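# Commentary on secondary and tertiary structure
Residue strings, one per chain:
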Amino acid sequence: MIGHAFMGTAHSQAWRTVNRVFDLPLRARMVAVCGRDADRTKAAASRLGWDEAVTDWRALVERDDIDLIDICTPGDSHAEIAVAALAAGKHVLCEKPLANTVAEARLMATAAADARARGVRAMCGFNYRRVPGVVLMRQLVDAGRIGTVRHVRAVYLQDWLGDPQFPLTWRLRRERAGSGALGDVGSHIVDLAQYVTGQSVTGVSALTETFVRRRPLASRSSGLAAVAAAGAPQFGDVTVDDAALFTARMSGGAVASFEATRFATGRKNGLRIEVNGELGSVAFDLERLNEIEFYDATGPGTEQGFTRILVTEPEHPYLTAWWPPGHLIGYEHSFTHEMRDLIDAVATGTDPRPSFEDGLRVQLVLDAVQQSANAGSAWTAVESPSTSNARSNYVHRM
C-alpha cells in the first residue's frame, strides 16, 4: 500500500479483516506500506499491521513478493504509480477520483486495458458501491421495481472547511488534488448515480464557488485534520472549488441534480441519493447507512408511503459474513467488501468493478462540470470514454 493517512488507515483495516470474515480463494498478506517520511511510515506500519515500512514506491512495484499495489496517495501521483505497477504485472487498486485530469485518467484506463490482456486486474476505489443498501437500491432499479427512471438527485454535504482559519492542506491545491469538493466528494455521487441507475451522465450545466480564497499555511496535516504553522501566520491561495452544483441529463432519459460542498455547516458526511421512477422511488442516506427508503406506487393508494427497509438480513448483499439481522455494520465495512470483491476477481480471472474505465467516466463528468462552470454554466456535453489516443496525452515520469 502506498500512502497511509486517512484512506490508508481505512484500507488497512479492510485488508486486516477481509480474510477473517469472508471465505476467499486467496489470502491477502500485508507485505509493505510506503510513505515519504521513514519514521512516520514505520509508525504507521506498526499501527496498521504491515510487515514492512518503505519510502521508495518504485522499488516496491518491482518486488517479486508483491502481487498487488494499493494506491492511497493524493491524486497527482495516481497515474504515475498505477501505470508503473500495471506495467510490472501488479494488480492495482486506486483510490478515487481516478486521476486529476482526463488525460491521466485516459492513460490509466488504457494501461488497465493492456494489463487485462495479460491477466492483470485494476479497480478504482469507490467504496460506497459496497454499502449493502446501495447495492439493494441498484437491484431494485435493475428489477424494474421503480419503472423508468425519471429523476436522480444526489448531494454530498460536509462542513470541515467552514472555518476560514482552517489551514491550507493539499486538498485545497489544484496541483495536488485536481479539484476541491467536486473531485473529493462530488466524484462519489456521480459514480453512485451512474451505478444505481445504470445510466451515464451525458451533459451538465454547472457552477462552482470558492468561499475562502486564502488560508494559513499548514505545518502538518493528516486525513481531514491540519495544524497551522507556528508563529505569525503565513497565507497561501486556495486554488480549488469549495462547492459545486450542477444539473445533468443521463443516457436513459433521466434528469439529475448534484450538489457537493465542504461548507454545509452542521453536515459532517451527509451523502444522500434519491431515484424517482414511474412506478416508485428509492433513496439512501449515508447517515442511516443500514437502511434505504422504498416507495411502491403500484399498490392501493390507501397503502402507499415510503417504507424503511433495514438492510441487515443475510439475504442482503455481503451480509452473510457479518451479524444477525438488526445488528448494524458501519463505514469501514464498505472497504472490507471492496477488498473482498477485488480478491475474488483476481482469483477467478474476472474484471473487478468499478474499473479504471468507470473511473474515467466519472473524471469526464468532473471535467465537463469544470468546463461548464468556467463558461458561465453553459450546457456542456460529457466526452466519450474512448481511450484510443491516451498514450499521446501523458508523459510517464519515472
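The coordinates are above.
Structure report, in brief. Since the model is a prediction, treat every value here as computed from it, not as a measurement. (Residues numbered from 1 in each chain as written. Predicted model: local features only at pLDDT ≥ 70, side-chain atom pairs only at ≥ 80, totals over all residues. Heavy atoms only, no water.)

### Quick word on the environment of Glu-313
- You can see Glu-313 is positioned in the loop between β17 (307-310) and α9 (331-348).
- Through-space distance from the C-alpha of Glu-313 to that of Trp-323 is 8.8 Å; in sequence the pair is ten residues apart.
- Glu-313 has contacts with Leu-319 and Pro-325, leaving out every residue within four places of it along the chain. (Helix = DSSP H or I, 4+ residues; strand = E, 2+ residues; numbered from the N terminus. Contact = heavy atoms within 4.5 Å.)

### Here's the deal with the packing of helix α4 (residues 78-87) against helix α5 (residues 102-116)
- At their nearest, the axes of α4 and α5 sit 10 Å apart, and the two run at 15 degrees to each other. Considered as vectors, α4 and α5 are oriented roughly parallel to each other. Handedness of the crossing formed by α4 with α5: left-handed. Across the interface between the two elements, His-78, Ala-79, Ala-82, Val-83 and Leu-86 from α4 touch Glu-104, Leu-107, Met-108, Ala-111, Ala-112 and Ala-115 from α5. (Axes fitted to C-alpha atoms, helices over the stretch in contact; angles between N-to-C directions. Parallel < 35°, antiparallel > 145°, perpendicular 65-115°, else oblique. Left-handed = near helix turned anticlockwise from the far one by under 90°.)

### Let's talk about the sheet that holds strand β4 (residues 91-95)
- Pairing is parallel across the open sheet formed by three strands, whose spatial order is β3-β4-β5. The outermost strands of the open sheet, each flanked by one partner alone, are β3 (68-71) and β5 (122-125). Taken over all neighbouring pairs, the strand axes of this sheet differ in orientation by 10 degrees on average, direction set aside.
- Relative to β4, β3 runs parallel, the two being bridged by four bridges. Bridging across to β4, Leu-68 finds its partner in His-91.
- Sitting on the sheet, α9 touches β3, β4 and β5, and the angle it makes with β4 is about 155 degrees. (Pairing = 2+ DSSP bridges.)

### Let's talk about the sheet that holds strand β12 (residues 243-250)
- With mixed pairing, nine strands are arranged side by side in an open sheet as β17-β16-β15-β14-β6-β13-β12-β7-β18. Whereas interior strands pair on both sides, the edge strands pair on one side only; in this sheet they are β17 and β18 (380-381).
- Judged from the five bridges that link them, strand β15 (residues 280-285) and strand β16 (residues 291-296) form a sheet pairing that is antiparallel. Residue pairing for β16: Gly-280 is matched across the bridge by Asp-296.
- Contacts between helix α8 (residues 181-197) and the sheet are confined to β6 (149-157), β7 (201-209), β12, β13 (255-261) and β14 (270-277), with β13 contributing the most and set at about 150 degrees to the helix.

### Description of helix α2 (residues 38-48)
- Listing the buried residues of α2 in full gives Thr-41, Ala-44, Ala-45 and Leu-48. Around the axis of α2, the buried residues are gathered within 100 degrees of arc, so they sit on the same side. Along α2, the residues that are exposed and aim more than 90 degrees away from the buried face are Asp-39, Lys-42, Ser-46 and Arg-47.
- Where α2 begins, the side chain of Asp-37 points an oxygen toward the backbone nitrogen of Asp-39, at a separation of 3.1 Å.
- Phi for Gly-49, located one or two positions after α2, is positive at around 100 degrees. (Buried < 20%, exposed > 50% of the residue type's maximum accessible area, 1.4 Å probe, protein only. Arc of directions from axis to C-beta. Polar contact = N/O pair within 3.5 Å; in protein donor to acceptor, adjacent residues only side chain to side chain.)

### Regarding the pattern of salt bridges
- Under the definition given, this model contains 26 salt bridges.
- For Glu-52, the salt bridge identified is with Arg-63, shortest N-O distance 2.9 Å. One end of the pair, Glu-52, is in strand β2 (residues 52-54); the other, Arg-63, is in the loop between α3 (57-62) and β3, with eleven residues separating them in the sequence.
- A salt bridge links Glu-209 to Arg-213, with the nearest nitrogen and oxygen atoms 3.2 Å apart.
- Under the relative-accessibility criterion, Glu-209 is labelled partly exposed at 32%.
- Here Arg-213 falls in the exposed class, since its relative accessible area comes to 52%.
- Within this structure, Lys-96, Arg-171, Asp-184 and Arg-262 form a network of salt bridges that share partners. (Salt bridge = Lys/Arg side-chain N within 4 Å of Asp/Glu carboxyl O.)

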